[in-house]
Amino acid sequence: QVQLEESGGGLVQPGGSLRLSCAASGRTFSSYAMGWFRQAPGKEREFVATINWNGGITYYADSVKGRFTISRDNAKNTVFLQMNRLKPEDTAVYYCAASRLYVVPGSKAADYAYWGQGTQVTVSS
């Protein structure tokens, strides 16, 4: 069992940056791939980024490639999402999730067994 808690969301102007964090409980954090998903009002939850157990493999949605960076610190049981050059269309609730596909992570929500409660990101002037 893994419990996840996101933080770092907030209101930011277009072009600005935010760094999301997701702290995980338990001593097996490095046994999981970690992903970030987001859900805007009235839309389906969508994949944002994922990272495998040691950080050696990362995947991004085309919509965030080149602007967002996912990373992890296994010593601190934490995964991060650095978001730069934010756009209004990035506005959503952002969720972190843990997957047992720890070597080659997936990009589907069904690949992830554990989810956090989410943190709101609003990009607006």
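Definitions and cut-offs
- Residues numbered from 1 in each chain as written.
- Predicted model: local features only at pLDDT ≥ 70, side-chain atom pairs only at ≥ 80, totals over all residues.
- Heavy atoms only, no water.
- Pairing = 2+ DSSP bridges.
- Helix = DSSP H or I, 4+ residues; strand = E, 2+ residues; numbered from the N terminus.
- Axes fitted to C-alpha atoms, helices over the stretch in contact; angles between N-to-C directions.
- Phe/Tyr/Trp six-rings, centres within 6.5 Å; stacked < 30°, edge-to-face > 60°.
- Buried < 20%, exposed > 50% of the residue type's maximum accessible area, 1.4 Å probe, protein only.
- Disulfide = S-S within 2.5 Å.

### Details of the sheet that holds strand β1 (residues 4–7)
Part 1 of the reasoning: With antiparallel pairing, four strands are arranged side by side in an open sheet as β1-β3-β8-β7. The outermost strands of the open sheet, each flanked by one partner alone, are β1 and β7 (68–73). Each strand axis lies, on average, 15 degrees off the axis of its neighbour in the sheet, ignoring direction.

### Considering the packing of aromatic side chains
Part 1 of the reasoning: For the structure on display, the rule yields five aromatic pairs.
Part 2 of the reasoning: Consider the rings of Tyr32 and Tyr114, whose centres lie 6.0 Å apart with planes at 80 degrees: the pair is edge-to-face. Residue Tyr32 is located in the loop between β3 (18–24) and β4 (33–39), and its partner Tyr114 is located in strand β10 (residues 114–115); the two are separated by 82 residues in the primary sequence.
Part 3 of the reasoning: By relative accessible area, which is 7% here, Tyr32 ends up buried.
Part 4 of the reasoning: Residue class for Tyr114 comes out buried when judged on its relative accessible area of 13%.
Part 5 of the reasoning: Their ring planes at 70 degrees and their centres at 5.7 Å tell us that Phe37 and Phe47 sit as a pair that is edge-to-face. Separated by ten residues along the polypeptide, Phe37 in strand β4 and Phe47 in strand β5 (residues 46–51) bring together distant segments of the chain. Assigned by exposure class, Phe37 and Phe47 land together as buried.

### Notes on the state of the cysteines
Part 1 of the reasoning: As enumerated under the stated definition, the model contains one disulfide in all.
Part 2 of the reasoning: The residue that forms a disulfide with Cys22 is Cys96, at a sulfur-sulfur distance of 1.9 Å. Measuring handedness by torsion sign, the sulfur bridge of Cys22 and Cys96 sits at about 40 degrees and is right-handed. In this pair, Cys22 is assigned in strand β3 and Cys96 in strand β9 (residues 92–99), connecting sequence segments 74 residues apart.
Part 3 of the reasoning: According to the relative accessible area criterion, Cys96 is buried, its value standing at 0%.

### Thoughts on the pairing of strand β8 (residues 78–83)
Part 1 of the reasoning: Among the six residues of β8, five are classified as buried, and the element is accordingly described as predominantly covered.
Part 2 of the reasoning: Pairing geometry for β3 and β8, over six bridges, is antiparallel. Within β8, the residue paired with Arg19 across the bridge is Gln82.
Part 3 of the reasoning: Bridging between β7 and β8 involves six bridges; their strand directions are antiparallel.

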